[in-house]
Amino acid sequence: MRTPLPLILSTLCAVCLPLLADHVNAAERSQPELDGVAVLIATDHTRPGEYSEASNGAEGRERDYIDPAADYLAGALRAQGLTVEIARVEEQLPTARIANKLDFDNAYAAYDDLLRSAVHAGSTIVALHFDADRLPPEASLADAEYVGGAQIIVDDRSLSASTKALATQLLEQDKILQTLARQGARLRPDYTDKLRMQKNQTLHIAGKSSGGAFLLELAPQQQAREQFGNPQQVTRALGPALDQLAEAIARFRSAQL
Ligand SMILES: [Zn+2]
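Residues numbered from 1 in each chain as written. Predicted model: local features only at pLDDT ≥ 70, side-chain atom pairs only at ≥ 80, totals over all residues.

## Things to note about the pairing of strand β8 (residues 213-220)
Part 1: Within β8, 8 of the 8 residues are buried, which leaves it mostly tucked inside the rest of the structure.
Part 2: The pairing of strand β6 (residues 151-154) with β8 spans 3 bridges and is antiparallel. Note that in β8 the partner of I153 across the bridge is L215. (Buried ≥ 20, exposed ≤ 12 C-beta atoms within 10 Å, placed from the backbone. Helix = DSSP H or I, 4+ residues; strand = E, 2+ residues; numbered from the N terminus. Pairing = 2+ DSSP bridges.)

Right, dumping it as structure tokens:
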């Protein structure tokens, strides 16, 4: 039986309206307003269990550890009087969930646009991460090809004067890594007192910001868990370093901008 045209239209419209609303939101998201946002905290990875092209990070669940640390740092920055936003890749989609390859591509395209908006706004961009403990994971520390740890990373393809100045201040003046070490985080061998240069998509965009940008690996994830416990306990243990980081960013911005 043929469906009468008015019924098709009304069915279509019921389906269409939310879709149109989504498109409007998507258009707004492609040029997000971040003017007045002092700090954007980038969480970079996809959540555990969601569609991923190896973007789940350490142990497939880096966001479990990043998210509470990002919330804590946001609070510490707000206590310094700074306006803060946290960028989460899945939140760039209306569904707030990455279910497939198309979602993945759209979410990261919008995420990169958000980073560009933060650069445009002169925000300070902080990418928070936890490092792989060691690679291969079953190797001993002595035998591992890669031994991870707390470190500050910048991308030399994208180093504004501010990015260079901020990363150097955090490393040499504030000695954030040494604070992390005092709290019990293992530092990355050979990068305890120098910046690590690494190609990274977030830094490639963010490093151009007049507010400066850097990637901070807070600790090797497995070591942090064995040392401190669950993600909330890890955040609590690293809290003094995150407080110090917030104070250092506030000082940098008030001197620089
Ligand atoms: Zn990571």
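## Here's the deal with the sheet that holds β8
Part 1: Strand order in the open sheet formed by 6 strands is β2-β1-β3-β8-β6-β7, with mixed pairing between adjacent strands. The open sheet has two edge strands with one neighbour each: β2 (84-87) and β7 (196-197).
Part 2: Of the pairings in the sheet, the one linking strand β3 (residues 124-131) to β8 comprises 6 bridges and is parallel in character. Within the sheet, the bridge partner assigned to A127 lies in β8 and is L215.

## Structural notes on the confidence of the model for the protein
Part 1: Residue-level pLDDT values for the protein average 90, and 88% of them are 70 or greater.
Part 2: Scored below 50 in pLDDT, residues 1-30 makes 7 contacts in the model with residues more than four places away or belonging to other chains. (pLDDT = per-residue confidence, 0-100. Contact = placed C-beta atoms within 7 Å.)

## Things to note about the nonpolar core
Part 1: Ranked by internal contacts, the top residues of the largest apolar core, which has 65 residues, are I41, L73, A118, L128, F214 and L218.
Part 2: No other element matches the 8 residues that helix α8 (residues 231-256) contributes to this core.
Part 3: Other than its neighbours up to four places away in sequence, A118 contacts L34, V37, L40, S123, I125, A206 and S209. (Core = buried A, V, L, I, M, F, W, Y, C linked by C-beta atoms within 7 Å.)

## Looking at the environment of Q183
Part 1: Its place among the elements puts Q183 in helix α5 (residues 176-183).
Part 2: We classify Q183 as buried; it has 21 C-beta atoms within 10 Å.
Part 3: Residues Q183 and A237, spaced 54 residues apart in sequence, show a C-alpha to C-alpha distance of 6.4 Å.
Part 4: The residues contacting Q183, other than those within four sequence positions of it, are A237, L238, P240 and A241.

## Quick look at the packing of α5 against α8
Part 1: Look at α5 against α8: their axes get within 8 Å of each other, and the N-to-C directions meet at 165°. With respect to their mutual orientation, α5 and α8 come out roughly antiparallel. Note that α5 runs across α8; the crossing there is right-handed. Between α5, through I176, T179, L180 and Q183, and α8, the contact on the second element is made entirely by A237, L238, P240, A241, Q244, L245 and A248.
Part 2: Partitioned by chemical class, the residues of the contact of α5 with α8 number 8 nonpolar, 3 polar and no charged. (Axes fitted to C-alpha atoms, helices over the stretch in contact; angles between N-to-C directions. Parallel < 35°, antiparallel > 145°, perpendicular 65-115°, else oblique. Left-handed = near helix turned anticlockwise from the far one by under 90°. Nonpolar A, V, L, I, M, F, W, Y, C, P; charged D, E, K, R; others polar.)

## Topic: the pairing of β3
Part 1: With 8 of its 8 residues buried, β3 lies for the most part within the structure.
Part 2: Across the two faces of β3 the burial is the same, with T124, V126, L128 and F130 and I125, A127, H129 and D131 all buried.
Part 3: Of the pairings in the sheet, the one linking strand β1 (residues 39-42) to β3 comprises 4 bridges and is parallel in character. Residue pairing across strands places V39 opposite T124, the latter belonging to β3.

## What to know about α8
Part 1: Its axis deflected by about 55° at G239, α8 carries its strongest bend there, up to four residues before the proline P240.
Part 2: All of the buried residues along α8 are P231, V234, T235, L238, A241, L242, L245, A246, I249, F252 and R253. (Bend = angle between axes of the 7 residues up to and from the residue.)

## Concerning the environment of P231
Part 1: As for its placement among the helices and strands, P231 is situated in helix α8.
Part 2: Overall, the presence of 20 C-beta atoms within 10 Å leaves P231 in the buried class.
Part 3: Each C-alpha atom, one on P231 and one on P68, is 6.9 Å from the other, the two residues being 163 residues apart in sequence.

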